[in-house]
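What follows is the residue order along each chain.
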Amino acid sequence: MKEFVLIFRLDNAASAVKPTPEQMQERMNWLGSIAAQNKLVDKGNTLSTGSARTVKPGNLVTDGPYTEIKEFISGYIIVKTEDIEEAVEMAKANPIFKIGGSIEVREVIKRD
Amino acid sequence: MHKTQPTVHELLPQLFRLEYAKMTAVLCRHFGLKHIEMAEDLVSETFLKAAENWGLNGIPENPSAWLYTVAKNKTKDQLKRAQLFETKIKAAVQNQDFEPESSFDFSNQNITDSQLAMIFAVCNPENPVEAQICLALQVLCGFSVEEIADAFLSKTETIKKRLLRARAKLRKDRFQMSALTAENISARLDAVLSTLYLLFNEGYFSKSNNQLIRKELCAEAIRLTLLLTESPLTNSSKANALLALMCFQSSRLEARANEAGESVLFEQQDKNLWSKELIEKGNYYLVNACSVEQVSKYHLEAGIAYWHTSPANEQRWGHILQLYNQLILIEYSPATALNRTFAYAKVYGYEQGIRETEQLGLENFKDYHALLGYLYTAIDVEKALSHYQKAIALTRSKTEKKTLAKEVERLKKEFKIH
């Protein structure tokens, strides 16, 4: 089994809207489904958009998350699967795509 | 009047179960854990004396008080002898364990405090969990080795060995029973709750067919958890949640098995047999448990059990599913995974439920196949039957085999399959 981080990205507009109870339920069902397969390594955390700073060279600190690419990271989880394809299949079932988000799947390189 | 009075023969075993553990706890608290055997010997001698004396002179008016007085006198004698030994023979030894002058009593308060301290002494996280449960049954509940073996479906030799090791650790433990401190409590409370939770489950889901023992295990777990909630030192949100869970589950004890001892599935249970009193108690402790912002697995399981006992409504399975989603994030277990999927199927339909189940990777579990058998029944009866057959092959419990075989017969008859 390999470990993969799923990184959730949202654009500014989508993140400003509070999720409905139904959306919350869908998210929980998705997460619960991975946990029920015993493939959840870390349920991760949601990252705040309000309490955020971006630090750049030259002591430059700006308010808010890193948004140069229009989207920013809203959260992450870590899963364990046979290969990256299985992790991608898991990601595909996430309800984030309904609100225009995206998921980046990255294998965790373990240091010995 | 005299005919309704119990005989010594009937009364002593009852009293033994009731008082043995209490008296041992009080004496142990007085002497220290190092001398647990001496405490147990004194209590055993007390019961022996009761058997002789009551047989000749009749049962005293207040049997428990009689036992307490005799135990107290025996203890005083024992301490006098010990002191004599200490002063005459080991005069050089300064470090005395006993103080014969100090008094102790069998007041309700002292019994409660001693039992509470004993729970924490027994639940030493250094002992394996099975050993903690065995020790709890013996020291806290007055079970015999044979009864424990029966409850665990183990050989008495195995239980004896397990107890021997656990008791050696108990004697060496520096744990002070005399004063239960906040540090001791916070260091062990989780272990205590976990042991009581498993003790209850051992009774509720036991493989043993001995219904009497199973019910007694549940009752004892409740009694000990109740002790925790009654003391301000240990009355935590988690303890209340655990007690709520036990009350909800116990409310269905009478409905879960038919007269032949076979288990009755939840949906087929006679709801009139559910204990309303226990459901109300469960509600009470669940409200207590939710007075602080804390969610433990006991809270979630109590919540699930609450929805099971509440009258059927459309929202029920949705709530249960969400609670299972949280529970499986706290702690994975195949049973939780399967129960969650059952709730999922109830909310999103059996076809979706099948897809969800088949992802679980639990092909070696009987409950996996039993669940798929259930979900496939209305969709593909051949597949349902094949899963039920696999479940039968995988289960070791005779009554479960019987229940599953009954369902197979029913399906074959209904769909005219031979």
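Residues numbered from 1 in each chain as written. Chains lettered and ligands numbered in written order. Predicted model: local features only at pLDDT ≥ 70, side-chain atom pairs only at ≥ 80, totals over all residues. Heavy atoms only, no water.

Section: the overall build of chain B
Operational definition: Numbered from the N terminus, helices here are DSSP runs of H or I no shorter than four residues, and strands are runs of E no shorter than two. Residue burial is assigned from relative accessible area. The probe radius is 1.4 Å, only protein chains are included, and a residue is buried under 20% of its type maximum, exposed over 50%, and partly exposed in between. By the convention used here, residues are in contact when the closest approach between their heavy atoms is within 4.5 Å. Note that accessible areas follow from Shrake-Rupley with a 1.4 Å probe, and for residues the cover is restricted to the protein chains shown. Charge counting treats Lys and Arg as positive and Asp and Glu as negative, with His and both chain ends excluded. Taken as the charge centre is NZ of Lys, CZ of Arg, CG of Asp or CD of Glu, depending on the residue.
Across its full length, chain B holds 18 helices and 0 strands. Over its C-alpha atoms, taken along the principal directions, chain B stretches across nearly 85 × 50 × 40 Å. Counting across all 418 residues of chain B, residues that qualify as buried make up 48%. A separation threshold of at least 6 residues defines the contact pool for chain B, and within that pool the share at least 24 residues apart is 63%. Counting every atom, chain B has about 22,000 Å² of accessible surface; 53% of that belongs to carbon and sulfur. Separation between the mean location of the 51 positive side-chain charges and that of the 50 negative ones in chain B comes to 4 Å.

Things to note about the UniProt feature "domain: RNA polymerase sigma-70 region" (unreviewed entry) in chain B
Applicable threshold: UniProt positions are given in the numbering used here, feature names are shortened, and annotations may be inferred rather than shown by experiment.
Sequence positions flagged by UniProt for "domain: RNA polymerase sigma-70 region" (unreviewed entry) are, in local numbering, residues 27-83 of chain B. Helix makes up 84% of residues 27-83 of chain B and strand 0%, and the two end C-alpha atoms of the span are 17 Å apart.

Points about the side chain of Gln322 of chain B
Note that Gln322 of chain B resides in helix 13 (residues 316-330). Once you skip the residues sitting within four places of it in the chain, Gln322 of chain B turns out to touch Gln25, Met28 and Asn29 of chain A.

Overview of helix 1 (residues 8-31) of chain B
Residues and elements named next belong to chain B. Worth spelling out the cut-off: One less than the residue count of a helix, multiplied by 1.5 Å, gives the span that helix is expected to have. Here the bend at each residue means the angle between axes fitted to two seven-residue stretches, the one ending at that residue and the one beginning there.
Taking 1.5 Å of rise per residue, 24 residues should cover 34 Å, yet helix 1 covers just 30 Å from first to last C-alpha, more than 12% shy of that figure. Phe16 marks where helix 1 bends most, by close to 40°. Immediately downstream of helix 1, the backbone of Gly32 shows phi near 100°, a positive value.

Considerations on the pattern of salt bridges
Threshold: Each salt bridge in this description consists of a side-chain nitrogen of Lys or Arg and a carboxyl oxygen of Asp or Glu lying within 4 Å of one another.
Here the structure, examined in full by the defined rule, presents 25 salt bridges over all chains. The shortest N-O distance in the salt bridge between Lys110 of chain A and Glu3 of chain A comes to 3.2 Å. Of this pair, Lys110 of chain A sits in the segment after strand 6 (102-107) while Glu3 of chain A sits in strand 1 (residues 2-11), and the two are 107 residues apart along the sequence. A relative accessible area of 22% means that Glu3 of chain A is categorised as partly exposed. Put simply, Arg167 of chain B and Glu37 of chain B hold a salt bridge, and the shortest N to O gap is 3.3 Å. Separated by 130 residues along the polypeptide, Arg167 of chain B in helix 7 (residues 156-172) and Glu37 of chain B in helix 2 (residues 36-57) bring together distant segments of the chain. Given the relative accessible area of 9%, Arg167 of chain B is considered buried. Its relative accessible area of 29% is what places Glu37 of chain B among the partly exposed residues.

What about the pairing of strand 5 (residues 71-81) of chain A?
All names here are of chain A. Filter applied, for reference: At least two bridges found by DSSP between two strands are what make those strands a pair.
Relative to strand 5, strand 1 is paired through 10 bridges, and the arrangement is antiparallel. Across the sheet, residue Lys2 finds its bridge partner in strand 5, namely Thr81. Both strand 2 (residues 40-46) and strand 5 contribute to a ladder of 4 bridges, which runs antiparallel. Bridge pairing in strand 5 places Asp42 opposite Ile78.

Quick look at unusual backbone geometry
At Asn38 of chain A, a position not held by glycine, the phi torsion is positive, near 55°. Here Asn38 of chain A shows up in the loop between helix 2 (21-36) and strand 2. With a relative accessible area of 33%, Asn38 of chain A lands in the partly exposed category. Non-glycine residue Lys416 of chain B carries a positive phi angle of around 50°. Mapped onto the fold, Lys416 of chain B is located in the segment after helix 18 (398-414). By relative accessible area, which is 69% here, Lys416 of chain B ends up exposed.

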